[in-house]
Every structure is written in structure tokens, then in C-alpha cells.
Amino acid sequence: MSDQAVLHVRGRVLAGPEDVRDELWVVGGRVSYDRPAGARDIRTVEGWALPGLVDAHCHVGLGPHGPVDTATAEKQALTDREAGTLLIRDAGSPSDTRWVDDRDDLPKIIRAGRHIARTRRYIRNFAHEIEPEDLVAYVAQEARRGDGWVKLVGDWIDRDLGDLAPSWPRDAVEAAIAEAHRLGARVTAHCFAENSLQDLVEAGIDCVEHATGLTEELIPLFAARGVAIVPTLVNIALFPRLAAGGDTKYPRWADHMRRLHERRYDTVRNAYDAGIPVYVGTDAGGTLAHGLVAAEVAELVTAGIPSLDALAATSWAARAWLGRPGLEEGAPADLVVYESDPRADVRVLASPRRVVLNGQVVE
């Protein structure tokens, strides 16, 4: 033990919302709450420590026009790491990012495979674009490729209607979600509109991304089924700009997007008040910058979620939901250290003092 480098984190360690320790030790890349006997090579870091933050809707390897090269994907992952995001649920990417798993200096990724969308009903080069009769087969394929998640595009603009519309008939999503569950995968779906949600939830979906169409009538259904939402409010902030670009060609769609934007905070707060699980996700990738996890937590607070619960949505609760440990004894030492208590002011998350990944101080 005396020849092994040890990290000593001292100050306040937020092992849980109310579980505050005075210190922890990192030995062999793992968390310990017992001082290692005979340790000599000790580095000390002081401050308020949290489990590595979670971005539960992020796209490493995705750019505005589809997949990006390895160097760009690496830069995306490093940007997230610098922001304190050490666990990513990659909610759809056309790139193969398995090489990240071999890098101890990059965030851990839980993949949902590639998006599955209806033909010509999503952003070009992002998704498998298929018809309903092929949905089960593609869901099975991505369930096997992913890390326990599959991502559907639940709705998108229908150019003939000039507005958002569901992508899939009810029977297709029922069969597809059943197949994913049979293979041990959970299913999530991109959904902006109101009219795509009931069929997906009643078909057994596990999570909905964005969920801007969540209405008072639908909230009890989500709550009863335990369906989580990841609101991505930093992305929803772009709706007015998107609407302005579609005013001439698709005025009905543009007006709809503005209405969804205007009620976004009420939507999230009402979901939270009803007991619907809410988690932090930024939708980084595509056109949105990486490293926005702190801004998304602040948006949840603006929406009316208490600071402690907004913090949990990117730390303890999010890690438990994704089946990954926090700062338990023996867990991988993935943590972020701050100057002051983030429970008191979540804006502290924007300025990590130190980032520790796999037991190594990387920032």
C-alpha cells in the first residue's frame, strides 16, 4: 500500500442528498471511507465533492450533418468532462464510439445505439429511416448494439400536414417496445408533440425525451406508469429560432413550436409535482454545444424544481436510474469537487475546482 498513490478528498463529500462525509480516500481508482494503512504518496483535494455529473441526453460522435470523426468526438467528450459530466447516456448516435471505453480519461458512456426514425421524418444522416413493418427488427438490432437502451423518434414534422405528427402506429410501437424489453433494453423516444405520447406510454415506453407536449391530461398516465422525462430545456430554448425559420413554409408548425416553448417551465414543474421522474439532459451534439450540464440544472431550478432535486437529477438519482454507482464504498472514483455547497446554489456546478475520473485528477 505504501507504494501506491492515494488521493485524499477532504471537506464535504456529498455521498447522498443528506449523506455528508468529511472525507474520502481514493486507492487503486476506487472510493474508500477508511484511511489506507501505511499510505505515503498522498495528494489532497479540498472542497465539496459530488458524484460525477450525469448528462442523460447527449450525443457523442454526432455533428450538424451526421457522424463526426474521432478527433471531433474526442473533443466533445473532453468538453463534457471539463464541465464535470463523467457519465453520459448517449441518446442516439450514428458513430461507433466504443473506442471511448478504452480511455480512462474520458466520460463513461451508456449507448442507445442509433436513432430509429420514420422515412424522411428526421434530420438527414442521423437515424435509421425505416417504415413501421421494419421497426421490430431495427429495435432488436439497436438493443443488441446499445448498452441497455434504444432510441426512437416518436414524432417529427409531417410536411403534408405542416405540423408535428406521430411517427409510428400504435401496434408497431407495442411490438417494438415488447421486443426491446424481451432483450433486456429500455426504450426512450424523442417527442415534441402532444399526440405522440399516449400511444408510446401505453405501449410501455420507459422514458420520453423533451416531453414538451406533456399536458395535464397526460401527466397522470406518465405518473402511474413511472415513465421518466428528460426535458433538455437548454435545447427547448432554441424553439423560437427554429420557428422563425419555418414561418413561411410551415406556419402551423412554427406556431406550435412557439406554444410548446412558452409553456416549457410549467410543463416540467407540473410533471415534477405529479411525481414523474425528471433527469438532466442537454441534447448536446448535432447543433448544440457540449458542456452545458450546469446550465440545464439551472434551467430545472428556474422551472420550479427545488435545488436539491435538480441536483439529484444529475447526480445521485440519475446514477441510480441508469444503474451506475455514485460515491459508495468500492465504487469507481468518479467525482467533481467544488468551492462551495452546490445544494445551496446549483450555479456552483458551472465552475468545477477539480474533476476526478477513475481516481485520477484530470482537471
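Keep in mind that this is a model prediction, so the values were computed, not measured.

A. Inspection of the sheet that holds strand β20 (residues 360–361) at higher detail. Read from one edge of the open sheet, seven strands run β3-β2-β1-β4-β18-β19-β20, paired in mixed fashion. Of all strands in the sheet, those with a lone pairing partner are β3 (30–32) and β20, marking the two edges. Bridging between strand β19 (residues 354–357) and β20 involves two bridges; their strand directions are antiparallel. If you follow Leu357 over to β20, its bridge partner there is Gln360.

B. Structural context of the sheet that holds strand β9 (residues 108–111). Pairing within the open sheet is parallel, and its three strands lie in the order β5-β8-β9. The outermost strands of the open sheet, each flanked by one partner alone, are β5 (53–58) and β9. The sheet shows a mean angle of 20° between the axes of neighbouring strands, taken without regard to direction. Relative to β9, strand β8 (residues 85–90) runs parallel, the two being bridged by four bridges.

C. Structural context of the pattern of salt bridges. Scanning the model with the defined rule gives 25 salt bridges in all. With a shortest N-O distance of 3.8 Å, Arg98 and Asp101 are connected by a salt bridge. With a closest N to O distance of 3.1 Å, Arg111 and Asp147 form a salt bridge. Placement of the pair is Arg111 in strand β9 and Asp147 in the loop between α2 (135–145) and β12 (149–153), with a sequence separation of 36 residues. In this structure, a network of salt bridges that share partners links the residues Arg98, Asp101, Arg111 and Asp147.

D. Inspection of the environment of Gly323 at higher detail. Structurally, the position occupied by Gly323 is in the loop between α12 (316–321) and β18 (335–338). On the basis of relative accessible area, Gly323 is assigned to the exposed category, the value being 58%. With 156 residues separating them in the primary sequence, Gly323 and Ser167 have C-alpha atoms 30 Å apart.

Basis of the calculations
- Residues numbered from 1 in each chain as written.
- Predicted model: local features only at pLDDT ≥ 70, side-chain atom pairs only at ≥ 80, totals over all residues.
- Heavy atoms only, no water.
- Pairing = 2+ DSSP bridges.
- Helix = DSSP H or I, 4+ residues; strand = E, 2+ residues; numbered from the N terminus.
- Axes fitted to C-alpha atoms, helices over the stretch in contact; angles between N-to-C directions.
- Salt bridge = Lys/Arg side-chain N within 4 Å of Asp/Glu carboxyl O.
- Buried < 20%, exposed > 50% of the residue type's maximum accessible area, 1.4 Å probe, protein only.

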